[in-house]
Amino acid sequence: MNKSNIEDKGMAKVILICGKICCGKSTYAERLRVEVNAVILSVDEIMLALFGLYAGDRHDEYAAKTKKYLLDKSVEIIESGANVILDWGFWTKDERSSVKEFFTAKKIAHEFHYLDVNDKTWRVRLDKRNHAVSEGKVNAYIVDENLAAKFDRIFQMPDREEIDMWIEY
């Protein structure tokens, strides 16, 4: 774990949850929400509410617009004094750097938490999620082999220096 960039532990902060698809980010965010009294902002939650399971060819465009909206909304929430958890993966180094610059420029305390999950645990979580979605118990995207491979190609593992809290499973 690196030294956190949170100087004053009493101030509201943003916690950015980084990790592969189906690694446990949302479950971790929910536990953390209770611990730090925070609001969770999730791209998937909004995308599923607005478009259901199928946003079609415009999914990436809608997701990018949703992220921008949630970044702006997180500032409003932080300024009101509440903690925020951004639960959307931060899969690329560029995205992590950009978000870090965004909050740094606004002098908003922020920290990255990375969920480092081994392949065996990841596969179990992926299968469990897909099963729950298929049974209608969870409103989430099915991650088939093609989608898992796509996200695996996109995902760039962070360097230790990028991360304030490294959680290994």
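Owing to the predicted nature of the structure, the values given are computational and were not obtained by experimental measurement. (Residues numbered from 1 in each chain as written. Predicted model: local features only at pLDDT ≥ 70, side-chain atom pairs only at ≥ 80, totals over all residues. Heavy atoms only, no water.)

Draft legend 1. Representation of the packing of aromatic side chains within the structure. Within this structure, the stated rule accounts for 7 aromatic pairs. Seen in terms of ring centroids, Tyr-114 and Phe-155 are 6.3 Å apart; in terms of plane orientation they differ by 15°. Their pairing is stacked. Taken together, the residues Tyr-114 in strand β4 (residues 110-116) and Phe-155 in the loop between α6 (145-154) and β5 (165-168) connect sequence positions 41 residues apart. Judged on exposure class, the residue Tyr-114 and its partner Phe-155 are both buried. One aromatic cluster in this structure is built from Trp-88, Phe-90 and Phe-112. The side chain of Lys-20 reaches across the aromatic face of Trp-122, ending 5.6 Å from its centre. The side chain of Arg-125 reaches across the aromatic face of Tyr-169, ending 4.3 Å from its centre. (Phe/Tyr/Trp six-rings, centres within 6.5 Å; stacked < 30°, edge-to-face > 60°. Helix = DSSP H or I, 4+ residues; strand = E, 2+ residues; numbered from the N terminus. Buried < 20%, exposed > 50% of the residue type's maximum accessible area, 1.4 Å probe, protein only. Lys NZ or Arg CZ within 6 Å of the ring centre and 35° of its normal.)

Draft legend 2. Looking closely at the layout of surface pockets. As a volume, the largest pocket reaches approximately 1500 Å³. Every residue lining the largest pocket is counted, 47 residues in all, and those nearest its centre are Ile-21, Asp-44, Arg-129, Ala-140 and Tyr-141. When contributions to the lining of the largest pocket are tallied by element, the ones reaching two or more residues are α1 (25-36), β2 (38-42), α2 (43-51), α3 (59-79), β3 (83-89), α5 (119-134) and α6. Of the residues forming the lining of the largest pocket, the biggest block, 6 residues, is contributed by α1. For the lining of the largest pocket, the per-class residue count stands at 25 nonpolar, 8 polar and 14 charged. (1 Å grid on protein atoms, 1.4 Å probe; cavity = no way out; pocket = protein on both sides within 12 Å on 5 of 7 lines; lining within 4 Å. Points joined across faces, edges and corners; volume = space filled by probe spheres on them. Nonpolar A, V, L, I, M, F, W, Y, C, P; charged D, E, K, R; others polar.)

Draft legend 3. Spotlight on the pattern of salt bridges. Tallying each qualifying case throughout the model produces 16 salt bridges. In this structure, Glu-61 and Arg-58 form a salt bridge, with 2.8 Å as the shortest nitrogen-oxygen distance. Residue class for Glu-61 comes out partly exposed when judged on its relative accessible area of 31%. A relative accessible area of 42% means that Arg-58 is categorised as partly exposed. One salt bridge connects Glu-135 with Lys-137, and the closest N-O pair in it is separated by 2.9 Å. Taken together, the shared-partner salt bridges connect Lys-93, Arg-96, Asp-159 and Glu-162 into one network. (Salt bridge = Lys/Arg side-chain N within 4 Å of Asp/Glu carboxyl O.)

Draft legend 4. Highlighting the sheet that holds strand β1 (residues 14-18). Spatial strand order, β2-β3-β1-β4-β5: 5 strands in an open sheet with parallel pairing. Strands at the two margins of the open sheet, each flanked by one partner only, are β2 and β5. On average, adjacent strands in this sheet sit at an angle of 20° to one another, irrespective of strand direction. In this sheet, β3 lies alongside β2 in parallel orientation, the contact comprising 5 bridges. Paired with Val-39 across the two strands is Val-84, which belongs to β3. The strands touched by α2 are β2 and β3; relative to β2, the strand with the most contacts, the crossing angle is about 55°. This element, α3, spans β1, β2 and β3 of the sheet and lies at about 165° to β3. (Pairing = 2+ DSSP bridges. Axes fitted to C-alpha atoms, helices over the stretch in contact; angles between N-to-C directions. Contact = heavy atoms within 4.5 Å.)

Draft legend 5. Region of the structure containing empty space enclosed by the protein. Summed over the entire model, instances satisfying the criterion amount to 1 cavity of 30 Å³ or more. Here the largest cavity defines a volume of roughly 40 Å³. Lining the largest cavity we find Lys-20, Ile-21, Trp-122, Ala-148, Phe-151, Asp-152 and Phe-155. Sorting elements by how many residues they give to the lining of the largest cavity places α6 first, with 3 residues.

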